[in-house]
Amino acid sequence: MLKSFTKKCSLIFLILLLFIPSTVLGNEQASNSEPIEFERASVHDPSIIKADDGSYYVFGSHIAVAESEDLIDWNSIVEREYQTPENNPIYGDLSANLAESFEWAGEDDADSTGGFAVWAPDIFWNKDYVWEDGSTGAYMLYYSASSTYIRSAIGVAVSKDVEGPYEYLDTIMYSGFTNYEAYDNNSDVNKHWENTNIADLIDEGVMDEANPDWFTDEGNFNNALYTNAIDPNILYDENGDLWMTYGSWSGGTFILPLEKDTGLPVYPGEDGETADGRMIDRYYGTKIAGGYGRSGEGTYAVYDEETGYYYLYITYGGLASDGGYNMRQFRSENIEGPYVDAEGNQAVFPESFDIGVGNFPGNDDHKDIGNKMMGNFLFKRDLGEAGTGIGTGYMAPGHNSYLIDDGLGKEFIVTHTRFPQQGEMHQVRVHQTFKNSDNWPVPTPYHYAGETIEIVSEADVTGDYKYINHGKEITGELTESTWVKLNADKTVSGAVTGTWELYDDYRVELTIDGEGTYDGVFIRQYDPTSDKWVMTLSAMSNEGVVIWGSHVEAKADQEVVDGMKQELSTAIPENAINNISLPTVATQGTQITWESSNPEVISNEGVVVQPEYGSGDATVDLTATISLGVVTETQTLTVTVPELAKAGLSASYDFNDGFKDSSGNSADATVTGNRFNNEGGEITFAEGVVDQAAKFDGNAGLRLDDGLITRHTYSVSLWVKPEEITDFTTTFFGNRTENNWISIVPKTGFAQTMVWSHNGDDWYDAITDMTIPVGEWSHLAFTVEDGDATFYINGEEKFSGDGFPNVFTTLDAGFGLGVNYWDTPFKGLMDEVRVYDGVALPADEVVSLYEKPEETENQTEDDSQTGNDGQAGDENQTGNNEQSGNDDQQGEEGQTLPDTSTNQYNWLALGLLLIVIGGVIFFIRSRKGTIN
């Protein structure tokens, strides 16, 4: 009986297996429960190529190159951007090899002063290129050299090996020229057009003369109509002929035919107009997109034999994390256009956009033109969900290339991107794409991890999804996911409503109320936040709007609450001087309410007010009530709020006694390597402003004591004597994390001496009108008082502004001299470095620090006791000035009494009294011991 029963059960089980979809049982992707550790690389403006050995390469700006065997893991083949310009692995001797291009732009000139600006190359295998020895085939690298937003050049270099070195061939396109002798700031390049290759083309009879329309009435470059010569892209057309698209902002994107055996342009030689009214210029070629100074760069075109279309990709917006970079898409049946989007809008902007010469980054009147492939987004991880962190998302993805990989039978969009709350750090990301029913390629939500599209069932795809609608905006704002549900009855509920349909094995059609119909695919992908394979959807509407969904598995209520309690225990800090984020809504609609045992120190909303100096630390119990369905539980977490530190001088590093803090308030400085967080360097000493100064050799820095600044009111003063000035090199650097910092910088790539700050996704530029000189002492002072910032150079106010970010919101912020996490270390001398916490020095005190440094040094001990001669500090300190609920908080907050003779007598009397009291206590205890 038992055997018979077992056989029957086994048979029933096997029959049931036949009816269960393979995706439910799991496939190779889903069954791999091990988290994937991805290898990342940073390559800005990546151009992709599949080499003859089957490996993949991306070439990008600043001579960055990375290689991959599978499009999943990437390894840089250069140590850093502009690695050893004298012996670069890609270009050899960079300066000598590209000298002809650099005569016009890109090396130690105007905006590239002090370095190079070699940008956005396109890597291309030209099988028809003929070498001098008659052999054929070359890897061709079309690069951009740029000195201003319009003065640039496109050059070509060639190699028989994809990894180089590449030998200079020619400079083929110039922009930003004038009709008279003219020079940009910090430049000795004469911009007259006769100094470009146009003069040679006229001599060779390619064209008769310069086009007068290239110039404004004043003789300057007419960038409303003509482009900035960067961002080249090379492709074959359907007949095997070779073409180049190029151009950035300004007059838009142009296209030119190329000679196949040389890879050099075939210039039209005369002006004309396409049948649909677009410009054909004798030099620049045919306009195919953009114009009138609107954002639009990083053009990439690709021919798709399957559909017969040429697809054109362009990035709108600014490239910084807050710039709103986003990728757009057009297509045409003709390589020279016209290119249109899903709604039929032409890629070339209408004449109504013409508002004169210049670029207009604040103008977004072209936002509805072009299918928006991808912009800022975050699949937000809610409290209680699997994984850690805030979720998976991008900031400013763009300047993409595109790969149709016949070997894999897959297509990919390849882009660089920045990330939410991670500043300007960028990496390469590769997303698989699938064409919708109207043959528009649509990117999938997560970067490629080897997935292959498969048949799915309705049971596979129903359920809850995190939902992103990329819209059409050009914005630096982050689009966070909302929740939708694909119900079994084919309805959509949640943040949007409508209906859905699964068809043709894995295709999806969603009809969203008030929006329209989206068409795309379901595919299982790897979610980097949960480290799991999940069902996703990606689709595009007839208006060119892309939506994404990422499935989330529902959990039992008790399991969610238990997980939430565990996460809260680590999410709420044990010590706090800054407002605490107390979540009120979590995964699956969980509700959380909070009650504080001491609302005057930490409110029920998480607003923190530190106790005044001298009143002691405060301990607060925060009780969370967590409710989901029928489950309600509480959790109590204890937080300590330290009292305010004494306002005054935190540290003084005068280098007369090595790296010692002469104020006695903080620890000695220590030597780093070439980064803030490493070791191995050496700092020596030399003659300073007063006695001895620290000498920095450009390979090391100093790490000061942690926690020198703990408030939103502070001051920094120092003397610097640069031996050389390099872009973004810091003098004084303070940071809470790598994405929350301030830096006093002699020069950046976009401004002169300034204070630069980054706080999460926000940037602040305290810019001046001068660059401090090389080989001379300069005094720099920076003060902040509840967000009001002032920057002084040699005692003179050079910047003042409000809204400076509150960076130092912990007790352990790090501080350094001459080094940060990224840039070339400082080379030169520093002296008399003083840091004040809770004190914003007044202007006359800054002047005194500049005019009388030797007297100021003698006041170090007094300043450490008085908060700088009694200067009031941080009168409205609340622990975080972002909360308006505590704006009325007033108090002394640690100010000491002025150093008068009367007060010195009072302190002396108090000291004697304490000695007497101590003696009495000692006597009494001694007597008790004798009696016992």
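No experiment lies behind these values; they were computed from the predicted model shown.

In this section: the sheet that holds strand E2 (residues 56-60). Strands belonging to one sheet form pairs held by backbone hydrogen bonds; the direction of such a pair is parallel or antiparallel. Here four strands make up an open sheet; going across it, the order is E1-E2-E3-E4 and the pairing antiparallel. At either end of the open sheet lies a strand with only one pairing partner, and these are strand E1 (47-50) and strand E4 (75-76). Here two bridges tie strand E3 (residues 64-68) to E4, and the two strands are oriented antiparallel to one another. Within E4, the position partnered with Ala66 by the bridge is Ser76.

For the coordinates displayed, the defined rule picks out 55 aromatic pairs. Here the aromatic rings of Tyr714 and Phe808 are separated by 5.4 Å at their centres, their planes lie at 75°, and the arrangement is edge-to-face. Residue Tyr714 is found in strand E42 (residues 713-722), and its partner Phe808 is found in the loop between strand E49 (796-801) and strand E50 (814-817); the two are separated by 94 residues along the sequence. Among the residues examined, Tyr714 registers a relative accessible area of 1% and is labelled buried. Take Phe808: its relative accessible area is 1%, and that puts it in the buried class. Cluster of aromatic residues (ring-pair linked, three or more members): Phe177, Trp214, Phe215, Phe221, Tyr226, Tyr246, Phe254, Tyr267, Tyr283 and Tyr284. Directly above the aromatic system of Trp500 lies the positively charged group of Lys490, at a separation of 5.7 Å from the ring centroid.

Core analysis: the largest hydrophobic core is formed by 41 residues, its most contacted members being Leu702, Leu718, Phe732, Ile744, Phe782, Phe804 and Leu817. Considering every element that reaches this core, the biggest residue donor is E42, with four residues. With residues near it in sequence (within four places) discarded, Leu718 still touches Thr731, Phe732, Ile744, Ser778, His779, Leu780, Met830, Asp831, Glu832 and Val833. With 40 residues, the next largest nonpolar core counts Ala138, Ile154, Val189 and Leu264 among its residues.

Strand order in the open sheet made by the four strands is E15-E16-E17-E18, with antiparallel pairing throughout. Both edges of this open sheet fall to strand E15 (297-304) and strand E18 (371-374), since each of them pairs with a single strand only. Here the strands of the sheet are splayed against their neighbours by 30° on average, with no regard to which way each runs. One ladder, built from six bridges, connects E15 with strand E16 (residues 309-316); its direction is antiparallel. If you follow Glu297 over to E16, its bridge partner there is Thr315.

Along the polypeptide, Phe349 turns up in the loop between strand E17 (326-332) and E18. Given a relative accessible area of 4%, Phe349 falls into the buried group. Taking the C-alpha atoms as reference points, Phe349 and Asp365, separated by 16 residues in sequence, lie 10.0 Å from one another. Dropping the residues within four chain positions of it, Phe349 is found in contact with Gly290, Gly291, Tyr292, Arg294, Ser295, Tyr316, His366 and Ile369.

Reading predicted coordinates in detail is not appropriate for stretches of low pLDDT. Put simply, the chain has an average pLDDT of 89, and 88% of its residues get 70 or more. Ignoring residues within four places in sequence, the model shows residues 861-910, a span with pLDDT below 50, making 98 contacts including any to other chains. pLDDT under 50 marks residues 920-932. Its contacts with residues more than four places away, or in other chains, come to zero contacts.

The subject of this paragraph is the pattern of salt bridges. Under the counting rule described, the total for this entry stands at 26 salt bridges. The shortest N-O distance in the salt bridge between Arg151 and Asp109 comes to 2.8 Å. One end of the pair, Arg151, is in the loop between strand E6 (136-146) and strand E7 (152-159); the other, Asp109, is in the loop between helix H5 (99-102) and strand E5 (118-130), and 42 residues separate them in sequence. Classification of Asp109 as buried rests on a relative accessible area of 4%. Residue Lys260 pairs with Asp128 through a salt bridge whose shortest N-O separation is 3.8 Å. Highlighted residues: Lys260 in the loop between strand E11 (253-258) and strand E12 (272-273) and Asp128 in strand E5, separated in sequence by 132 residues. Classification of Lys260 by relative accessible area gives partly exposed; the value is 30%. Given the relative accessible area of 23%, Asp128 is considered partly exposed. A network of salt bridges, in which partner residues are shared, links Asp109, Arg151, Asp184 and Lys191.

Remark: the empty space left among the atoms is shown by a probe the size of a water molecule rolled over them. Applying the stated criterion across every chain, the model contains eight cavities of 30 Å³ or more. There is about 80 Å³ of room inside the largest cavity. As for the largest cavity, its lining consists of 14 residues, and the residues nearest its centre are Pro121, Pro232, Thr299, Tyr300 and His399. Elements with a minimum of two residues in the lining of the largest cavity: E5, E15 and strand E20 (391-405). Here the residues of the lining of the largest cavity sort into five nonpolar, six polar and three charged.

What counts and how
- Residues numbered from 1 in each chain as written.
- Predicted model: local features only at pLDDT ≥ 70, side-chain atom pairs only at ≥ 80, totals over all residues.
- Heavy atoms only, no water.
- Pairing = 2+ DSSP bridges.
- Helix = DSSP H or I, 4+ residues; strand = E, 2+ residues; numbered from the N terminus.
- Phe/Tyr/Trp six-rings, centres within 6.5 Å; stacked < 30°, edge-to-face > 60°.
- Buried < 20%, exposed > 50% of the residue type's maximum accessible area, 1.4 Å probe, protein only.
- Lys NZ or Arg CZ within 6 Å of the ring centre and 35° of its normal.
- Core = buried A, V, L, I, M, F, W, Y, C linked by side-chain atoms within 4.5 Å.
- Contact = heavy atoms within 4.5 Å.
- Axes fitted to C-alpha atoms, helices over the stretch in contact; angles between N-to-C directions.
- pLDDT = per-residue confidence, 0-100.
- Salt bridge = Lys/Arg side-chain N within 4 Å of Asp/Glu carboxyl O.
- 1 Å grid on protein atoms, 1.4 Å probe; cavity = no way out; pocket = protein on both sides within 12 Å on 5 of 7 lines; lining within 4 Å.
- Points joined across faces, edges and corners; volume = space filled by probe spheres on them.
- Nonpolar A, V, L, I, M, F, W, Y, C, P; charged D, E, K, R; others polar.

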